Amino acid sequence: MKKVITSKSAPAAIGPYSQAISVDAAARTIYFSGQIALDPSTGQLVSGGVEAETKQVMANIEGLLKEIGATFDHVVKSTIFLTDIADFSTVNQVYGTYFRKDPPARSTVEVSHLPRNAKVEIEVIVAL
């Protein structure tokens, strides 16, 4: 279903992501909306800084994955939005614990503002 593509003619991944991912044409593709660190039980943004926010974002994504019978292994592409690119290494460290083998293709961008003054938002594309 999901195949990692690498090329020595392009820079190697410098974090927990793959250069590219190929998906079987028969796979069902699901696009998740971006998740910020809202606690599902309170609807409030978690406190504790970017590390706590990233953990909550990943927990929110995991909840959605479980709902469709998927795991992080089914994620083929992610986009990370940060309000401060200086938080990249912290977010990358937390994010990497969820993708131990064949991580998805990924983009990370700095943005000026996120909903509810969140520091991080992550969206994913899933192939089943």
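You'll find the structure just up there.
The structure presented is a predicted model; accordingly, all values stated were derived computationally and were not measured.

Parameters at a glance
Residues numbered from 1 in each chain as written. Predicted model: local features only at pLDDT ≥ 70, side-chain atom pairs only at ≥ 80, totals over all residues. Heavy atoms only, no water. Buried < 20%, exposed > 50% of the residue type's maximum accessible area, 1.4 Å probe, protein only. Helix = DSSP H or I, 4+ residues; strand = E, 2+ residues; numbered from the N terminus. Contact = heavy atoms within 4.5 Å. Phe/Tyr/Trp six-rings, centres within 6.5 Å; stacked < 30°, edge-to-face > 60°.

Overview of helix α2 (residues 88-96)
All buried positions along α2 are accounted for by Val91, Asn92, Val94, Tyr95 and Gly96. Residues of α2 that are buried sit in contact with α1 (49-67), β4 (75-82), β5 (105-110) and β6 (120-127).

Here's the deal with the packing of aromatic side chains
What the rule picks out here adds up to 3 aromatic pairs. Arranged with centres 5.0 Å apart and planes meeting at 55 degrees, the rings of phenylalanine 72 and tyrosine 98 form a pair that is tilted. Here phenylalanine 72, found in the loop between α1 and β4, pairs with tyrosine 98, found in the loop between α2 and β5; they are 26 residues apart in sequence, far enough to count as distant. Under the relative-accessibility criterion, phenylalanine 72 is labelled buried at 8%. Judged by its relative accessible area of 23%, tyrosine 98 is partly exposed. Ring centres of tyrosine 95 and phenylalanine 99 lie 4.7 Å apart, and the angle between their planes is 40 degrees; this geometry places the pair in the tilted category. Each member of the pair, tyrosine 95 as well as phenylalanine 99, carries the same accessibility label: buried. Here the aromatic cluster, defined as three or more aromatic residues joined through ring pairs, consists of Phe72, Tyr95, Tyr98 and Phe99.

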